[in-house]
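Observations on chain architecture
Given next are the chains, with one letter for each unit.
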Amino acid sequence: MLTLRKASDRGIARHGWLTSFHTFSFASYRNVNEQGFSDLLVINDDRVAAAKGFGQHPHRDMEIFSYVLEGALEHKDTLGTGSVIRPGDVQLMSAGSGVAHSEFNHSAEELVHFLQIWIVPNISGATPRYQQEHFSAEQKRGRLQLIISPDGANGSLQVRQDARVYAGLFDGEENATLTLAPDRYAYVHVARGSVELNGVSLQEGDGVRVRDEQVLALCNGQDAEVLVFDLRPQELPQMP
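Residues numbered from 1 in each chain as written. Predicted model: local features only at pLDDT ≥ 70, side-chain atom pairs only at ≥ 80, totals over all residues. Heavy atoms only, no water.

As annotated in an unreviewed UniProt entry, the protein carries the name Pirin family protein and is attributed to Pseudomonas hefeiensis.

Shown next, in the form of structure tokens:
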């Protein structure tokens, strides 16, 4: 069963320097029917103006990853990490027992567009850690590249949860399928472009909850970039 979450139905926050679309409840946007899916708690689609950003702020007991679509995102944290994340880079910060970080647009001239995604961990109070890896367009072209997993398989980043995240690029005749283990859930998010999922047309910003489906087929993309989350079969987590 596919349950569509249209881009136009998302929450939105406009702060001048920031435009953020919220797939699930976040900050001042509250929707009792959209409080996450399985262990996937937040998908924020953020556009940050040149030289602006989020000042240092704390997190704990959350797996937080950033996926840059355009521009460059500068990250600093209390673990001593400092990096600039560009398209193709995936950054995963496991907040664990507590960490503070800041995120700014690295450019003084251009906008940065990125997704920030939160996954609820399966352990509390763990030692905070930071990971970053680059996945090239060639690795994602016409296929689903594993970028996050519980065991760091195939060069993916290691998340503290029974969850896997795949990224793919699809255009024209390019297509891919993902076979889920029995009784798994999935969530599909279209980061940009358009694509078909099991015959359903999806546009940029659309998301789909997937239950009781074992095969996911992506095809007929038009400059599409897609994230697919393979998740435990459980319903809404508690809001933090």
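Resuming the write-up.
Examining the UniProt feature "domain: Quercetin 2,3-dioxygenase C-terminal cupin" (unreviewed entry) in the protein
Keep this limit in mind: UniProt positions are given in the numbering used here, feature names are shortened, and annotations may be inferred rather than shown by experiment. For the purposes of this entry, the term helix denotes a DSSP run of H or I that reaches at least four residues, the term strand denotes a run of E that reaches at least two, and both are numbered from the N terminus.
Annotation from UniProt places "domain: Quercetin 2,3-dioxygenase C-terminal cupin" (unreviewed entry) at residues 146–231. The distance separating the terminal C-alpha atoms of residues 146–231 is 14 Å; by composition the span is 0% helix and 63% strand.

Focus: the sheet that holds strand S8 (residues 82–85)
The test is simple: A pair of strands is treated as paired once DSSP finds two or more bridges between them. Axis definition: a line fit to C-alpha positions, over the contact stretch in the case of helices; interaxial angles, taken between N-to-C directions, run 0 to 180 degrees.
With antiparallel pairing, the 4 strands of this open sheet are ordered in space as S5-S10-S7-S8. Here the strands that pair on one side only, and so sit at the sheet edges, are strand S5 (53–59) and S8. Averaged over all neighbouring strand pairs, the angle between strand axes comes to 20°, with direction disregarded. With 5 bridges connecting them, S5 and strand S10 (residues 99–105) associate as antiparallel partners. Paired with phenylalanine 54 across the two strands is glutamate 103, which belongs to S10.

Points about the UniProt feature "domain: Pirin N-terminal" (unreviewed entry) in the protein
Residues annotated by UniProt as "domain: Pirin N-terminal" (unreviewed entry) correspond here to residues 10–119. The distance separating the terminal C-alpha atoms of residues 10–119 is 19 Å; by composition the span is 0% helix and 57% strand.

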